[in-house]
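Here's the letter readout for the chains.
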Amino acid sequence: MFIYLSKKIAIPSNISLKCISWNKNKGYIACGGKDGLLKVLKLESQTDGEVRGLAAPSSLSMNQTLEGHSDAVQVVMWNEQHAKLTTSDVNGLIIVWMLHKGSWFEEMINNRQKSVVRSMCWNRAGELICIVYEDGGVIVGTVDGNRVWGKELKQSLTHVEWSPDSKNLLFAMANGEVHIYDSQGNFMSKVQTDFFSPLGKVAALTWYNGGGGSPAENANSLAICYESGKCQIMKHHMDDEPFLVDTNMTIVCADWNHNGSCLAIAGKQPLSAVADGGDQGGKKSSSNTNAIQFFSHTGEHLRSLRVPGNSIESCSWEGGGLRIALAVDSHIYFANIRPKYKWGYCSSTVVYEFADESGCTQVAFWDVKNMELHKKKLPSSTPLLLIAAQGEYCCMALKVETGTGGSSSATIHHDSARRDEYQLVLYNSIGTPLEQKTIYFEPTLLCMTGSLVIAANKDVFYAWQFTDPIKLMSADVSLQASKHNLKEWLIHIDNTMSDTKQSTSSIQNVMVTFDSWAKADRESIDPICAITASQTVLLVARTSGTINCYALPKMVFNNKIQTDIRAYNLYINCNSSRCCVLDISGVLTMWDIEATNVDKAGNEVIGKQLELERKDVWDVCWSRDDPQLLALMEKTRMYIIRDSEPEEPVQSSGYLCSFDNLQVRSVLLDEVLMAPEQCRRDNIIDREARSLRDLREMVGKISLEDTKQYIQDNPHPRLWNLLGEKALEQLELDVAETAMVQCKDYPGIQFVKRIKLLQNDTLRKAEVEAYLNRFDQADKLYYEMDRKDLAVELRQKLGDWVRVVQLLKAGSDGGDDTRLEYAYNAIGDYYADRQHWSKAVVYYSQGRSQEKLAHCYYSLEDFEALSKMASHLSENHPLLPQIAEMFVSVGMSQEAVDAYKKCGKVSEAMDCCIMLNQWDATIELAKQSNSRDIDNMLARYATQLIEKGRIVAAVELYKKAGDYIQAAKKLFEIAKEEIGKKSSPLRIKKIYVLAGKLVEMHREKSLGTRYKSKNSDALTGLLDGDSFSANDSRILDNAWRGAEAFHFYVLAQRQFYAEKTEMAMRTCMQLVDYEDYIDPMSIYSLLALSAIRCRSFDMASKAFGRLEEVASEGEEKEEIAQLAETIFVRHPPKSKASLDRDTCLNCGEASLYKWSKQCENEQCNSKYPICVLSGRPILNWSFWVCPSCKHKADSRLIPTTSNLEGGGVHWCPLCHMEPMTNAQQTTAR
């Protein structure tokens, strides 16, 4: 990061300030001082001008003096959630201010009148405030002014701070201790502060509340700073391993920035320490100055800034973390912060890190050319450390937690210690990872060239030659071979061997092994502080000021440059002749790294410092095509420098992306990261160099020869290119050719030679306009010359087919039909590529492109138009099969068949019908084509379905094909499987009913075929009943037997549970004939239960006897016998009178049991049907016959019997396919 003073506001009457606070949400600045001074300011920047960000002009939109305090105001505190301001003075007066109609007014006043308020703090939600007094008094109140609790502590207090969760309060005592209380005022413990001795007084106590996100998981957020200059930075109040910092200054105040990533500590510091960049540990000088130091949340020193004035009293961050306000004497100083973002620029793509709404880290790849944004989410286990970019690629350094690494060896041990893993991952410009390497030291520096990635820490640097996919595709080299030739280097900075001038073959072509990482354990006597690289040179700067130079790509040590500057950043130009060194205080110097010089001792040394020296520099970018040009950011100004001479600056706060073709590109990263997922083109700023701007102004005002002379004095390919364009406009072809040669524009040279052969100047002008991409002017010139053919040809090359159509139609002959159709089809292709099918249809119709038109209809799902189109095509048209396939894909069988038949592909039509289960149509096609193979196709397809376990689909297939017997067979098989699974009886009954219905459908079909003509073909004969096997005959004879069995079984259970036990027993007696379908144990168990419930113990006895017969040997049979004995000892097996015999309708004798189906009189033997409604024989001359399943029901029961749902019986109880309406009268026989 870099910091510099940018603005100063003077307080009237030179009143000294005591405190300052910046509202991070609304931007208001409150400051208090002596004599009751209290002001609220608001500093707003212009947002709608050309200059944006920190460089934009700013002004005070509010400057209100609040009156209410009579003596020095020493505490000001914002309640940002409720937009309130709380202030206190040395007399103990507390005032709460509120904003009303653009002005601040008093809302509440409180004065304890006992002691002075030393500190106040609102909790994160803004609902509670804690006020501490010098005498130990503590008051906690609400935002509405209500007191929650108060307490008198025995020690003098100096500071108070809420924990982020508002559960704890921290109080700083006058003796330097920090005590922890809960939110109700109960003492809990003391914060461990014995890391320093003596403690001294606490100067600042600040705890980041997490409102702006967190820089890292479990980041340090609590800072306790002592006036002695010592500071401890902790994760929480119970942290016993804090980061300890010695600032070497007398601390006055401290404050966290908006997201807790940076801690600002202000106070008095010796001048020598400030000059050394804030190095700690030096002796204090008698001459002190105001200074502010910045530290990361891990205690790393980032920057120091010297502040003018006598006494700094307070500091406060802006909400975005880009500015900080300082109260110094009677002035407010504003310092701008330029954060060190993790970002890079490659291939017209800005790569940057940001946190999404959920707090997860993401990396954005923003293509500024096409305004496209690609995002890549990083797992929390691999935090991003660094980003470097160059050319077409970028590299990210990631830390890998144990178990998540990508190396072949998950862990490496050295001296019995586990090494942390870090990854270098190479990405292209859309965020696709290409390669990665695992290293075993934490990289703090990272840079790239077109083929190398260099990572370094303070002791070693690692270089990795990666595979360039672009070069790999253009060369005849395999990927494996290219990877085999790649090199890695791991070099300790102290192992250069510069004194002996060896060739350093020992560090060439080194394949880094696991043992090599031991180099990273040895600390350097002169650590690395900065690195940079070009295609041919690697520069490594050390803290002593020495810069080591290595030749690339062989990584050979060349020499070293001795400077007296500790580099913070290094920048090298495009031809490796110069470099810029930027120190931590922002001073930039330029060095010629090829020049030789003589030192004071008379020794020849390499490297010479040039005249250029700039201050307050925070970003530098060399030109990619001119070694004399560089751009730099100095405060809020951007300078372009040519050979140490700066051009006039422009206001900007952008980060430099690239500098080529005399144009500097920068990105407003501050603005980008405010809305990281939105692409705004105005966040990219392009600025031309002065030579290019001047030439643009001179062209047209002076002669071409003078322009040529100017370019020769300031040579650059882009200037020559601009001269060439201007010469072409004036048809000065010789000058144009010279300019093309100078900028090595070989296509331009060929163009100039070609138009020299043209004799017509107007034609030459038209060609020039086209060459300069001024196509409308070229079109107009062609039109004036009556050369519409050339205009059409130009528009065809450009792909402007709409204009081609216009030109062709404007011709005297109305246009060439072939070219018109081609143009219409090209326009249709344009819309089709963008899936605008409706518009594409219009142009394909005009272009008569039937194939593309069919595809559009299909994409639009306009199958009516597609069918109409197929009907208009001639027979055997090659497009018909494609249209048929389109219909097949959406299940439109009839349209597909029509299309196949029209092109003579009957076999494909049959395959289509088979696939869509349209077997009626398949059979019809087979008849028409005299195919004998339909039954084989049916069997083959059904077999495939059965093998896949799709038996129901096979049943449906057979049914649609009219092979009802095969369908019934499969249903019978399914029913048997369900019986084995002991599925629901009702489900099994339904399956048998469907099978029976299929058999009935077969009978009806067979009956109909017998009356057909004798000329009926063999295919129909296959379905004739006489041709079936004995097994098929049994199916025909017993089609409803399974349905009957489970129907009576379900009926008996329903009757039993409806307390109709006698009817249930009679129905169970019918089940005796169905032991081949239902388990006998189930039948006789139900029969025994029903008989016992209706007290027919003789029938129950018979049921138990049968149960003992069918029961398996062992415990089951013994249990049945014991149960029978228990029952029949108490209830002898006797029949009830109600179960006496009924009278036979034929012989008149009482020879029928109420469940019997046949008269027991041997001379009669009359049989009676069983009523499917009640389960008892029908002893009535009138009964109803189901037309579907042919089962009967007693007509007397139809109008009176109710089903379980309470409604009348309306449908056949067995098959549920026919209504029970017209009773049929017949005689039972």
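Just so we're clear, the structure is a prediction, and the values are computed from it rather than from any experiment. (Residues numbered from 1 in each chain as written. Predicted model: local features only at pLDDT ≥ 70, side-chain atom pairs only at ≥ 80, totals over all residues. Heavy atoms only, no water.)

### Focus: the pairing of strand S3 (residues 28–33)
So, point 1. Here S3 lies mainly inside the structure; six of its six residues are buried.
So, point 2. By the alternation rule, side chains of S3 split into Tyr28, Ala30 and Gly32 and Ile29, Cys31 and Gly33, which are all buried.
So, point 3. Examined bridge by bridge, strand S2 (residues 17–22) and S3 share five bridges and lie antiparallel to one another. The residue bridging Trp22 from the neighbouring strand is Ile29, located in S3. (Buried < 20%, exposed > 50% of the residue type's maximum accessible area, 1.4 Å probe, protein only. Helix = DSSP H or I, 4+ residues; strand = E, 2+ residues; numbered from the N terminus. Pairing = 2+ DSSP bridges.)

### A closer look at the side chain of Glu767
So, point 1. Along the polypeptide, Glu767 turns up in helix H10 (residues 761–771).
So, point 2. Aside from chain neighbours lying at most four places away, what touches Glu767 is Phe751, Arg754, Ile755, Leu758 and Tyr782. (Contact = heavy atoms within 4.5 Å.)

### With respect to the sheet that holds strand S39 (residues 445–448)
Two strands in a sheet stick together by hydrogen bonds in their backbones, pointing the same way (parallel) or opposite ways (antiparallel).
So, point 1. Spatial strand order, S39-S40-S41-S42: four strands in an open sheet with antiparallel pairing. With partners counted over all chains shown, the strands left at the sheet margins are S39 and strand S42 (488–492), one partner each. Averaged over all pairs of adjacent strands, the angle between their axes in this sheet comes to 15°, without regard to strand direction. (Axes fitted to C-alpha atoms, helices over the stretch in contact; angles between N-to-C directions.)

### Some thoughts on the nonpolar core
So, point 1. The biggest cluster of nonpolar side chains holds 110 residues, and the ones touching the most others in it are Trp343, Val350, Tyr352, Val667 and Leu728.
So, point 2. In terms of residue count, helix H14 (residues 817–833) provides more of this core than any other element does, seven residues in total.
So, point 3. Excluding residues within four positions of it along the chain, Tyr352 makes contact with Lys342, Trp343, Gln362, Val363, Ala364, Trp366, Leu373, Leu669, Val672, Leu673 and Pro676.
So, point 4. Counting 73 residues, the second largest nonpolar core, distinct from the first, contains Phe1046, Leu1086, Ala1100 and Leu1107. (Core = buried A, V, L, I, M, F, W, Y, C linked by side-chain atoms within 4.5 Å.)

### Re the packing of H14 against helix H15 (residues 837–847)
So, point 1. One way to put it is that H14 packs onto H15 with a least axis distance of 8 Å and a crossing angle of 165°. Accordingly, the angle class assigned to the pair H14 and H15 is roughly antiparallel. In this structure, H14 crosses over H15, and the sense of that crossing is left-handed. The segment H14 lies against H15, with Glu821, Tyr824, Asn825, Ile827, Gly828, Asp829, Tyr831 and Ala832 engaging Trp837, Lys839, Ala840, Tyr843, Tyr844, Gln846 and Gly847.
So, point 2. Looking at the contact of H14 with H15 residue by residue, the classes come out as eight nonpolar, four polar and three charged. (Parallel < 35°, antiparallel > 145°, perpendicular 65-115°, else oblique. Left-handed = near helix turned anticlockwise from the far one by under 90°. Nonpolar A, V, L, I, M, F, W, Y, C, P; charged D, E, K, R; others polar.)

### Focus: helix H11 (residues 775–784)
So, point 1. Among all positions of H11, only Ala778, Asp779, Leu781 and Tyr782 are buried. The arc enclosing the buried residues of H11, seen along the axis, measures out at 165°, which places them on a common side. Residues of H11 that are exposed and point more than 90 degrees away from the buried face comprise Asp776, Lys780 and Glu784.
So, point 2. Tucked into the core, H11 has its buried residues touching H10, helix H12 (788–798) and helix H13 (801–809). (Arc of directions from axis to C-beta.)

### Points about the pattern of salt bridges
Note on pairing: side chains with opposite charge can pair once their charged atoms come close.
So, point 1. With the rule as written, the count across this model stands at 51 salt bridges.
So, point 2. Here Glu688 ties to Arg718 by a salt bridge, and the two come within 4.0 Å at their closest N and O atoms. A residue pair is termed long-range when its members are at least 10 positions apart, and Glu688 in strand S58 (residues 684–688) and Arg718 in helix H7 (residues 717–729) qualify at 30 residues.
So, point 3. Here Asp1076 ties to Arg1041 by a salt bridge, and the two come within 3.3 Å at their closest N and O atoms. On the criterion of sequence distance, the pair formed by Asp1076 in the loop between helix H29 (1061–1071) and helix H30 (1080–1093) and Arg1041 in helix H28 (residues 1041–1057) is long-range, its members being 35 residues apart.
So, point 4. Residue Asp1076 is classed as exposed on the basis of its relative accessible area of 56%.
So, point 5. Residues joined by salt bridges that share partners form a network here, namely Asp776, Asp779, Arg795, Asp800 and Arg803. (Salt bridge = Lys/Arg side-chain N within 4 Å of Asp/Glu carboxyl O.)

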